[in-house]
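# Geometric and topological summary
Here is what each chain is made of, one letter per residue.
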Amino acid sequence: MKKTIEEHAARFSKIASQYDESQDSEEYKACASLVVHYANPSSDDVVLDLGTGTGAIALALAGDAKRVIGRDISEGMLAEAQRKADEVGLDNVEFGEGRFRDPSVDENVDIVVSNFAMHHLGDEEKREAIQVIADLQPKRFVLGDVMFFGTPDPDEPFYSPEVDLPSTVGFLADALTDAGFVLTAVETVHDQVGVLVAERVPLE
């Protein structure tokens, strides 16, 4: 049975203090590195990190961006992210509660990123979330996540059927295109992990 947002939030809050140590696979590290690489913010860019977790991506981008907004559903993960930001003295990062389909952002954003979070949504929920992101009118959306490049294998380490609902790369590409993005890069990290880079189509 699909878990509720509240159940996901509680699960992640419980493991927040150990989360960074648990994400030590080479594939996870490579995916995160690619998301940071492709986000590539300038000093004028406001970045929105959806499903920010403990803030790894947000903190990595803060040094180059004008401002980074981290959103997550887990109070525990957000508290850990804020602790890490305070520890290194970053004052251009702001963390708060927000969801893919309701990110709680009332300012213009230039770049949206998300790493290892959207796979908890079902296909149609992902489609809705991508449209919400498109409506924010960022110039770039970088998605690093569990996604299927081939036939799904539930025995692989990146796919846990009890909590994960990964989509195929084809579905995600179609959803991005339908929302007005152009897919400009596809990186395969593992046959179930990848990074998609989408740019907005300029208005005529």
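Residues numbered from 1 in each chain as written. Predicted model: local features only at pLDDT ≥ 70, side-chain atom pairs only at ≥ 80, totals over all residues. Heavy atoms only, no water.

What follows concerns the overall build of the protein. When helices and strands are counted, the protein shows six helices and eight strands. Taken from the N to the C terminus, the helices and strands of the protein come in the order α-α-β-α-β-α-β-β-α-β-β-α-β-β. When burial is assessed residue by residue, the protein has 50% of its 204 residues classed as buried. Long-range pairs, those at least 24 residues apart, make up 71% of the contacts in the protein between residues at least 6 apart in sequence. When the accessible area of the protein is evaluated, it comes to approximately 9800 Å², of which 48% is carbon and sulfur surface. (Helix = DSSP H or I, 4+ residues; strand = E, 2+ residues; numbered from the N terminus. Buried < 20%, exposed > 50% of the residue type's maximum accessible area, 1.4 Å probe, protein only. Contact = heavy atoms within 4.5 Å. Areas by Shrake-Rupley, 256 points an atom, 1.4 Å probe, with all protein chains shown as cover.)

Bringing the packing of aromatic side chains into the picture now. One pass over the full model with this rule turns up two aromatic pairs. Look at Tyr28 and Phe116: their rings are 4.8 Å apart centre to centre, the planes differ by 70°, and that puts the pair in the edge-to-face class. With Tyr28 in helix α2 (residues 26-39) and Phe116 in the loop between β4 (111-115) and α5 (123-135), the pair connects residues that are 88 residues apart, well separated along the chain. Owing to a relative accessible area of 12%, Phe116 belongs among the buried residues under this scheme. Relative to Phe181, the ring of Phe141 has its centre 6.2 Å away and its plane inclined at 45°; by these criteria the two rings are tilted. Here the residue Phe141 occupies a position in strand β5 (residues 140-148), and Phe181 occupies one in strand β7 (residues 181-190), the gap between them amounting to 40 residues. Its end group placed over the ring of Phe181, Arg200 keeps NZ or CZ at 6.0 Å from the ring centre. (Phe/Tyr/Trp six-rings, centres within 6.5 Å; stacked < 30°, edge-to-face > 60°. Lys NZ or Arg CZ within 6 Å of the ring centre and 35° of its normal.)

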